[in-house]
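# Structural characterization, general
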Amino acid sequence: MRPPMSKTSWIPEPPRTEAEVVEAVTENARAVRLQAVLVVAAALLYVLFTSPYDLDDSFTLYGRDNDVTGLFERIDHEYVDDAERLRAHPIIWIVGASIVKQAFDEEVLNQALANADSPWRVRKHGFARGAPLLAAGMVDQLPIKPGDLVVGAAWFSNFRGDWLRDNDSAEALIPFLLSCSEILALQDILPQERLELCMSHPQTFFLIRDEWNRGMRRRWNEVALGYDPPEVQQVPALNRGTHPKRFTREGGFRGGGPQVEEPLVFTEDQVNVIGLRRMRERALAAGAAFAVLELPVHSACEAERMIPEAVAQWAAWSGPPGIPFTPVPGTWPDELFFDYQHFNRAGRDVFLQWLLPTLVQDQLPAETPPGWTGPALPRPAGL
Amino acid sequence: MLFNSKVFIVFLVLVLLVHHLLGRGGKANTRTWFLLGASVFFYGWYHPPSVLLLLASTVICYVVGIKLWHEDDPAVRWRWAGFAIAFELSCLCFFKYANMALTTVGQARNAMAEAGLPVSPVEVQDLMLDVFLPVGISFYVFKSIGYVVSLYKRELPPAKSFQSYALYVSYFPQLNAGPVEKATHLLPQIEREPYVRREWVYEGVFLILLGYIKKVVIADWIAEIIDPFYATPIEHGPTAVLVMFLFTLQIYADFSAYSDIAIGIGRLMGYHIRPNFNLPFVVPSISERWRRWHISMSVFFKEHIYIPLGGSRKGEVRTQLNVMLVMLFSGFWHGASWNFVIWGLLNGVSMIGQKMLRPRGLRQLQGVAERGGRVTKWLYYYLCCLVTYWMISMINIYFRSPNFEISSSYVKAIFGSGLGQYTDMFTLAAWQAVDIQIYNGLNVLFWVVLAHEIQRWWDVQSWLLDPKRRGIWAVVCAAMLWSIVAFGVKGGQFIYFQF
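Computed from a predicted structure; not experimentally measured. (Residues numbered from 1 in each chain as written. Chains lettered and ligands numbered in written order. Predicted model: local features only at pLDDT ≥ 70, side-chain atom pairs only at ≥ 80, totals over all residues. Heavy atoms only, no water.)

### Brief notes about the confidence of the model for chain B
On average, residues of chain B score 85 in pLDDT, and 94% of them are at 70 or above. Across the interface, the model reports ipTM at 0.80; the global pTM reads 0.64. (pLDDT = per-residue confidence, 0-100.)

Below, the structure is given as structure tokens:
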């Protein structure tokens with residue numbers, strides 16, 4: 001005899017009445033119609049929402065030649081309002097990577113130049129990540145006029161043989177700043193990677209996301225840490241303090257990986273050599289002069305990174321008749337650095353104090369001839 | 001097929017369309033066959049041969065179920081049930097644990113050879129079998145075992161048809177990562193007439209979008225931030241602490257996202273899958289967390305391991321031993337790695353520790369808090385939540401780390417190898433040296449905790465699904481869709497797929 005069902009057994013639903021069945025069928029039909037409406041609505045919303053995000057969408061491409069030009073629309077807009085002021089003065093265009101971004105304060109420089117009745121004005125375009133290869137793309141987009149001065153910057157690790165592979169974010173930035181023909185000319189990466197970079201579109205929604213987070217992050221950190229992190233866009237990375245941990249923790253800061261193991265390459269086909277030459281060509285083509293600054297570095301960097309062979313190689317390459325090259329003289333105190341190669345806030349202030357008299361005294365010639373290598377900078381006082 | 005892939009969205013829309021067309025005339029049988037076919041297609045998308053194992057498991061348990069129902073002899077019934085359970089467990093062990101066992105044997109043999117014992121060393125890689133781990137095997141094996149045990153206990157009659165039972169096992173929304181729905185609950189729904197109500201549609205759509213938000217906006221983004229920190233051993237204490245906090249958020253968002261999507265899809269088809277999470281993120285104790293986390297698995301372990309072992313009926317020591325065994329089994333079930341065994345062990349130790357080793361000072365603190373009024377009670381509650389979150393995050397290091405070396409580096413970085421390093425955790429400079437992206441992740445953690453706590457007092461979901469608030473529902477759903485689109489569905493795999 002079969003044992004009875006256990007006490008915890010499943011109890012089937014009671015049979016439904018006829019009215020309940022009819023109601024269920026009607027309700028089911030309505031629910032299915034509702035699902036169909038929602039699917040269509042979701043599809044329409046999806047199309048609407050995605051339109052502004054991809055750079056190959058019609059909303060984004062409207063009125064533009066191609067997707068790359070869209071990226072520079074913001075620059076164009078910024079300079080439309082400014083065009084008159086830019087025409088009124090010779091401009092020093094400081095373009096480069098984070099070392100440039102960190103070392104110069106455009107507002108302070110312009111104020112000092114204006115106070116001294118100097119005709120010169122400064123415009124800085126510093127990337128969070130970048131190097132001459134990418135800065136060259138930016139120079140192409142700037143409204144440079146005859147008589148301006150374009151100042152670039154470079155430092156040793158830019159000339160690693162494997163710079164593109166070592167610098168994670170470079171590949172993400174390349175489609176923003178180089179044309180397809182320039183990308184295809186890069187020999188450091190595989191042909192299929194070059195094609196991918198040509199075809200890939202920057203992900204605009206990441207920019208929106210980052211902006212949102214930046215606002216949230218600041219509020220959070222102000223409350224939780226009492227620490228206001230650097231604002232990358234509004235005040236470009238000017239507020240960094242000195243972080244001793246950065247020097248003791250391997251890989252603790254960006255660009256801090258092993259550098260000396262990889263040989264430096266100053267040949268014509270190194271990507272940042274190409275970048276510097278392009279910057280120079282573009283500046284000269286616009287009738288402007290061009291100079292490259294080598295900014296001071298932390299003593300640990302001097303000791304650990306700048307091996308004599310590399311220094312000799314650098315000096316041989318950067319001197320005439322190569323890229324016009326202006327080293328900032330002297331060994332600067334370590335407390336002026338945020339990490340190996342970036343000034344901290346105090347470092348930037350000292351640097352500008354040193355630089356300003358030179359600029360204010362109008363040592364820069366009003367008509368800079370092609371090939372001019374920049375002002376003869378004095379040694380910083382007390383260094 | 002991943003829920004967060006474009007092909008799945010197309011698949012889902014087509015399945016819903018055909019499902020409802022077939023359901024028009026109340027043809028439950030046709031609809032069941034169709035859904036079974038769709039589920040098999042879904043499952044075989046990546047690795048078609050895996051379907052054969054699923055089929056074998058289904059056929060065996062279905063046949064055994066019929067035998068169990070018609071057989072009266074207890075000994076014969078025991079043999080049938082034992083056969084089905086042994087088959088299921090051996091499949092699980094072979095596909096999931098064979099390589100772990102062989103690796104362990106190889107390593108032990110090499111260690112013995114190094115110690116000078118008369119055994120020859122072996123190349124561990126050579127021992128390993130070239131087997132594919134079928135996705136979701138742990139989940140459908142548990143469902144099959146649950147069905148057989150329910151029939152053995154005569155808790156329910158066998159499935160009315162093979163296709164009903166096969167659909168119960170392979171129902172695609174919950175096939176790859178649960179919830180492990182009980183046959184007593186889901187099978188009757190499959191066997192009844194097709195039926196959907198509008199309120200279920202509203203709820204289903206909301207849950208699906210909520211799941212995608214959790215996966216795309218939270219889990220995938222947190223993964224982007226913290227994954228690099230689990231690739232190599234870590235040295236920096238503050239970074240290790242914050243990364244482990246963020247992983248606890250990631251796994252909650254990732255896993256509950258899958259469950260929400262599965263439940264939501266079920267609602268659109270007229271099936272009620274029970275919730276797998278009940279606000280488990282901010283909890284005052286580890287045992288409370290396990291009551292609210294992955295409920296379907298916890299119930300399975302409770303019914304099929306804890307209670308058969310004696311549960312809490314055989315004294316305090318035996319009860320705690322049973323808890324430890326269940327947690328060890330849970331760890332072992334999660335993955336074929338000793339890291340997961342340690343994870344289960346630490347969960348068990350924490351649960352027992354929180355219950356048995358309540359220090360006197362803590363009891364006094366609790367007493368003071370309870371006497372002090374609402375504010376002190378509230379403070380004490382959140383202090384417990386904070387400590388529990390810390391413990392869960394510490395334990396989860398073993399869940400996330402790919403190997404011992406990395407998990408050990410986290411423990412060492414957090415607790416310090418010496419007093420000097422440990423005190424470094426209390427300097428502002430050390431915390432400022434943490435990658436800023438991790439602080440961005442903490443913003444999300446803050447908002448998730450806030451949303452979680454609001455829900456404790458105010459059932460937002462029920463409020464939103466009130467028929468009077470359809471307009472607000474539409475705006476919220478549109479906003480959620482926008483967020484999903486803005487962050488982009490990148491198709492990162494769900495964490496629990498590997499189990």
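On we go.
### Side note on the environment of V124 of chain B
Residues and elements named next belong to chain B. Take V124: it is sitting in helix α5 (residues 124-127). The exposure class of V124 is buried, given its relative accessible area of 15%. Look past the residues within four positions of V124 in its chain and what remains in contact with it is T103, G106, Q107 and N110. (Helix = DSSP H or I, 4+ residues; strand = E, 2+ residues; numbered from the N terminus. Buried < 20%, exposed > 50% of the residue type's maximum accessible area, 1.4 Å probe, protein only. Contact = heavy atoms within 4.5 Å.)

### Remarks on the packing of aromatic side chains
Residue and element names in this part refer to chain B. According to the stated counting rule, one finds 52 aromatic pairs over all chains in the structure shown. Taken together, a centroid distance of 6.4 Å and an interplanar angle of 85 degrees make the contact between Y252 and F277 edge-to-face. Of this pair, Y252 sits in helix α10 (residues 237-269) while F277 sits in the loop between α10 and α11 (286-292); the two residues are 25 residues apart in sequence, bridging distant segments of the chain. As far as burial versus exposure is concerned, Y252 and F277 are alike and both buried. Where Y252 meets F281, the ring centres are 4.9 Å apart and the plane angle is 20 degrees; that geometry is what we call stacked. Of this pair, Y252 sits in helix α10 while F281 is found in the loop between α10 and α11, placing the two residues 29 residues apart along the sequence. Neither Y252 nor F281 differs from the other in exposure class; each is buried. The cationic tip of K96 hangs over the ring face of W333; the distance from NZ or CZ to the ring centre is 5.3 Å. (Phe/Tyr/Trp six-rings, centres within 6.5 Å; stacked < 30°, edge-to-face > 60°. Lys NZ or Arg CZ within 6 Å of the ring centre and 35° of its normal.)

### What about the nonpolar core?
Counting 148 residues, the largest nonpolar core has F8 and F172 of chain B as its most contacted members. Setting aside its immediate chain neighbours within four residues, F172 of chain B contacts F3, F8, F11, L12, V15, L35, S39, F42, Y258, I265 and M269 of chain B. In this structure, L109, W120, A300 and Y340 of chain A belong to the second largest nonpolar core, which totals 31 residues. (Core = buried A, V, L, I, M, F, W, Y, C linked by side-chain atoms within 4.5 Å.)

### A short note on the environment of F337 of chain A
Here F337 of chain A lies in the loop between β5 (325-327) and α17 (345-360). Through-space distance from the C-alpha of F337 of chain A to that of R348 of chain A is 8.8 Å; in sequence the pair is 11 residues apart.

### Section: the environment of E193 of chain B
Tracing the backbone through its elements, the reader meets E193 of chain B in the loop between α8 (183-191) and α9 (198-226). Put simply, E193 of chain B and A28 of chain B are 165 residues apart on the chain and 5.3 Å apart in space, counted from C-alpha to C-alpha.

### Description of helix α17 (residues 404-415) of chain B
Residue and element names in this part refer to chain B. End to end, α17 covers 16 Å across 12 residues, agreeing with the expected 16 Å (1.5 Å per residue, within 8%). Among the residues of α17, those classed as buried are I406, S407, S409, Y410, A413 and I414. Across the axial projection of α17, the buried residues extend over an arc of 155 degrees, all falling on one side. In α17, those exposed residues whose orientation departs by more than 90 degrees from the buried face are E405 and K412. Among the residues of α17, the N-terminal cap falls to N403, whose side-chain oxygen and the backbone nitrogen of E405 are separated by 3.2 Å. Looking one or two places after α17, you find G416, whose phi comes out positive at around 80 degrees. (Expected span 1.5 Å × (residues − 1). Arc of directions from axis to C-beta. Polar contact = N/O pair within 3.5 Å; in protein donor to acceptor, adjacent residues only side chain to side chain.)

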